[in-house]
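Chain by chain, the residues run as shown.
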Amino acid sequence: MEKLFSPRSIAIVGISSRPGNLGQGVLLNLGEYGYQGEVYLVGRGGGECQGLAIHRSVDDLPEGIDLAVILTPAPTVPDYLDACGRRGIRRACVESSGFGEFSAGGAALQARMVEVARKWDIRFTGPNGLGVINLEKGVCVPFAPMTRDRVCRGRVSILAQSGGLIQHACYLLTAAGMGINKGVSMATRST
């Protein structure tokens, strides 16, 4: 759980400088909450985003990054997860959708993803979730933009299947003066 909630390094997989890219939301949230660890970006197009280089492949990353946040089309996720395993990344938040919650084909992709995770002993949240939040450490990896005025640090922690529910609860808890400490969005088993 330490590498999931308190990672010293995070790779955002599926980011680009294109407006509207969901990976940019993750990067903005990490900056908003003052994440102090190393952040690495991966996107097929390369380039840079917010002053950070975008690596074209997970294979170009240093070994042993603590957490990968994956926001790529569902058919690509098992291969990205496999690449993470090869680089020693053993925790992931799969925020992509289109798996068992979507179709029989998606369920087959999800089964393949689970197979890859078992091969490399990777623990992951998702798919189709908002990842993890640990405001004590500045870790805030939902793709939906979050700001300190709408989501502040507090003492309440949330575990829920729905990422949307977690986001809404964060807003309500902040408005009530309670705030949020930790949150994790997980998927129900659908295979």
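Use the structure listed above.
Residues numbered from 1 in each chain as written. Predicted model: local features only at pLDDT ≥ 70, side-chain atom pairs only at ≥ 80, totals over all residues. Heavy atoms only, no water.

Caption draft 1: Region of interest: helix α2 (residues 22–32). Turning to α2, its buried residues are G23, Q24, G25, V26, L27, N29 and L30. The N-cap of α2, judged by a side-chain oxygen 3.0 Å from the amide nitrogen of G23 a few residues on, is N21. The first or second residue beyond α2 is G34, which carries a positive phi of 70°. (Buried < 20%, exposed > 50% of the residue type's maximum accessible area, 1.4 Å probe, protein only. Helix = DSSP H or I, 4+ residues; strand = E, 2+ residues; numbered from the N terminus. Polar contact = N/O pair within 3.5 Å; in protein donor to acceptor, adjacent residues only side chain to side chain.)

Caption draft 2: View of the packing of aromatic side chains. If you walk through the whole model with that rule in mind, you get zero aromatic pairs. Between the NZ or CZ atom of R150 and the centre of the ring of Y171, over which it lies, the distance is 3.7 Å. (Phe/Tyr/Trp six-rings, centres within 6.5 Å; stacked < 30°, edge-to-face > 60°. Lys NZ or Arg CZ within 6 Å of the ring centre and 35° of its normal.)

Caption draft 3: The pairing of strand β1 (residues 9–13), seen in detail. Of all five residues that make up β1, five are buried, and the element is covered over most of its length. Along β1, one buried face is formed by S9, A11 and V13 and the opposite face, lined by I10 and I12, is buried too. Where β1 meets strand β2 (residues 38–42), five bridges bridge the pair, whose relative direction is parallel. The partner of I12 across the bridge, within β2, is L41. In this fold, β1 hands off to α2, which returns the chain to β2; that crossover is right-handed. (Pairing = 2+ DSSP bridges. Right-handed = clockwise from strand over helix to strand, strands pointing away.)

Caption draft 4: Seen up close, the pattern of salt bridges. Evaluated as defined, the whole model comprises nine salt bridges. Between D66 and K3 there is a salt bridge, and its shortest N-O distance comes to 3.9 Å. Within this pair, whereas D66 is found in the loop between β4 (52–55) and β5 (67–70), its partner K3 is found in helix α1 (residues 2–5), the two being separated by 63 residues in sequence. The class of D66 is buried, set by a relative accessible area of 2%. (Salt bridge = Lys/Arg side-chain N within 4 Å of Asp/Glu carboxyl O.)

Caption draft 5: Broad picture of the sheet that holds β2. Pairing within the open sheet is mixed, and its seven strands lie in the order β3-β4-β2-β1-β5-β6-β7. Each edge of the sheet is formed by a strand with only one pairing partner; in this case those strands are β3 (48–49) and β7 (123–125). With three bridges joining them, β5 and strand β6 (residues 91–94) adopt parallel strand pairing. Note that in β6 the partner of I70 across the bridge is V94. Strands in contact with α2 are β1, β2, β3, β4 and β5; relative to β1, the strand with the most contacts, it is inclined by about 155°. With respect to the sheet, helix α3 (residues 77–86) is in contact with β1, β5 and β6, its orientation differing from that of β5 by roughly 165°. (Contact = heavy atoms within 4.5 Å. Axes fitted to C-alpha atoms, helices over the stretch in contact; angles between N-to-C directions.)

Caption draft 6: Just helix α5 (residues 163–175), in detail. The first and last C-alpha atoms of α5 sit 19 Å apart over 13 residues, in line with the 18 Å expected at 1.5 Å per residue. Looking at α5, one finds that the buried residues are G163, I166, Q167, A169, C170, Y171, L173 and T174. On the buried face of α5, the contacting elements are β8 (132–134), β10 (153–160) and β11 (180–185). Two residues or fewer past α5, G177 is found with a positive phi of approximately 80°. (Expected span 1.5 Å × (residues − 1).)

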